[in-house]
Amino acid sequence: MRPKKRHVLLLWMLVCSGMTEAIEPISTSIAVGMAAALTGFLASYQNIFYYFHECCRPEWISFNRTGLEADLERKLFGQHIASRIILKAVNGFMSNENPKKPLVLSLHGWTGTGKNFVSQLIAENIYKEGMDSSFVHVFTAELHFPHASHFETYKTQLQQWIKGNVTNCAHSMFIFDEMDKMQPGLIDSIKPYLDYYDKLDGVSYRKAIFIFLSNAGGESIIQTVLDFWKEGKDREELELRDLETQLSLSVFNTKKSGLWHTSLIDKNLVDFFVPFLPLEYRHVVQCAMAEMKARGVRPDHSVAEQVASDLVYFPKAERVFAVKGCKTLESKLDYYT
Ligand SMILES: *[C@@H]1O[C@H](CO)[C@@H](O)[C@H](O)[C@H]1NC(C)=O
Ligand SMILES: *[C@@H]1O[C@H](CO)[C@@H](O)[C@H](O)[C@H]1NC(C)=O
């Protein structure tokens, strides 16, 4: 490393960490001298460094409530229950200076109903860099934990990753995608971190956010929504309590849910089970309109309807819900526009 570069790196470390932790590896006398010499420089350039390098600081991490509310309202369709819970949960957690435990959300529902999308909206309204933030971590079974035989290694590794990242930044966010593909028990290895401890080995996990995504429970949600539909009731009248008990039971008892018989549920460490409802034709139309808008083309309702009517719907007889929700819409739109 060339001297100049090293300077910049050191400076960055000092600025980002508030000067104390980064000094430790260097001998104290050198550090004191350097720090003194740098103080003036730091004072004037600090803001510029905050500006260019992502740090674990409010300049880069701060919750925008109005932003999340607006995003959920304008960009997420057909999920009145999920919208409400997510906003309440994240807002409550982020405005609490002293949370007693990390926020743990478990999002459930059929493919394409918006689980990943919602995680992204949460990240974008907390981290300036959104999903690209170095404080947002996504784990998938296929990518991070592919081999059943390495179970023990994965458990240790996962613990180390979480611990390492939370040590770096208390406001870290961890998203576990495709929980249903994870080996039962793997997630139990991080249970202590989700619990009501003040500190574990000197690290506090209370400001972290954990989000689990899974299709598990999707079928029980669909059944409830379908029954509602058959009774001719308005979907918006569905409430969390209509779904919640059934949902947590089916998640707990489904072997392939990633949360099968997990003590996370036993011990009430999951703060919210969030159901995502299957999407109807009209929601797919809304998704298509929003997607056109996002692409900067004028939203064309007839195109949106055409795209939506070409999708496959279930159950076979009634054709109420889109099999893939809004998932394959982007490529479909390419074809029509
Ligand atoms: C919060 O989000 C709103 C709506 O997206 C936006 O107009 C506003 O500038 C954001 N505020 C901050 C501080 O980023
Ligand atoms: C943070 O998590 C990532 C996985 O997303 C891992 O590769 C990295 O080693 C972790 N960092 C620390 C300091 O443990």
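This text gives an overview of the structure that appears in the document.

Thresholds, definitions, all that
- Residues numbered from 1 in each chain as written.
- Chains lettered and ligands numbered in written order.
- Predicted model: local features only at pLDDT ≥ 70, side-chain atom pairs only at ≥ 80, totals over all residues.
- Heavy atoms only, no water.
- Axes fitted to C-alpha atoms, helices over the stretch in contact; angles between N-to-C directions.
- Helix = DSSP H or I, 4+ residues; strand = E, 2+ residues; numbered from the N terminus.
- Parallel < 35°, antiparallel > 145°, perpendicular 65-115°, else oblique.
- Left-handed = near helix turned anticlockwise from the far one by under 90°.
- Contact = heavy atoms within 4.5 Å.
- Nonpolar A, V, L, I, M, F, W, Y, C, P; charged D, E, K, R; others polar.
- Salt bridge = Lys/Arg side-chain N within 4 Å of Asp/Glu carboxyl O.
- Buried < 20%, exposed > 50% of the residue type's maximum accessible area, 1.4 Å probe, protein only.
- Disulfide = S-S within 2.5 Å.

A few words now on the packing of helix α13 (residues 301–309) against helix α14 (residues 329–336). Contact geometry for α13 and α14: axes closest at 10 Å, N-to-C directions at 125 degrees. Judged by the angle between their axes, α13 and α14 are oblique. Seen from above, α13 lies across α14 with right-handed handedness. Counting all contacts with α13, which are made through Val303, Gln306 and Val307, the residues of α14 involved are Leu329, Lys332, Leu333 and Tyr336. Here the residues of the contact of α13 with α14 are counted per class, giving 5 nonpolar, 1 polar and 1 charged.

This part covers the pattern of salt bridges. All chains considered together, the criterion is met by 14 salt bridges. Among the ionic pairs, aspartate 201 bridges to lysine 163, the shortest N-O distance being 3.6 Å. Here the residue aspartate 201 occupies a position in the loop between α8 (191–194) and β4 (209–214), and lysine 163 occupies one in helix α7 (residues 151–168), the gap between them amounting to 38 residues. The class for lysine 163 is partly exposed, based on a relative accessible area of 29%. Between lysine 181 and glutamate 178 there is a salt bridge, with its nearest N and O atoms 3.2 Å apart. A residue is classified by how much of its surface remains accessible, and lysine 181, at 48% relative accessible area, is partly exposed. Residue classification places glutamate 178 among the partly exposed positions, given a relative accessible area of 24%. Connected via shared salt-bridge partners are Arg235, Glu280 and Arg282.

For the rest of this paragraph, the subject is the environment of glycine 92. Mapped onto the secondary structure, glycine 92 falls in helix α4 (residues 80–94). C-alpha of glycine 92 to C-alpha of leucine 103: the two residues are 11 residues apart in sequence and 9.7 Å apart in space.

Applying the stated criterion across every chain yields a total of 2 disulfides. Linked covalently through their sulfurs, cysteine 56 and cysteine 169 form a disulfide whose S-S length is 2.1 Å. Between cysteine 56 and cysteine 169 the disulfide shows an S-S torsion of about 70 degrees. By sign, it is right-handed. Highlighted residues: cysteine 56 in the loop between α2 (28–52) and α3 (65–75) and cysteine 169 in the loop between α7 and β3 (173–177), separated in sequence by 113 residues. Here cysteine 287 pairs with cysteine 326 through a disulfide, and the sulfurs are 2.0 Å apart. With the S-S bond torsion at 85 degrees, the cross-link from cysteine 287 to cysteine 326 turns out right-handed. In this pair, cysteine 287 is assigned in helix α12 (residues 281–294) and cysteine 326 in the loop between β7 (321–322) and α14, connecting sequence segments 39 residues apart.

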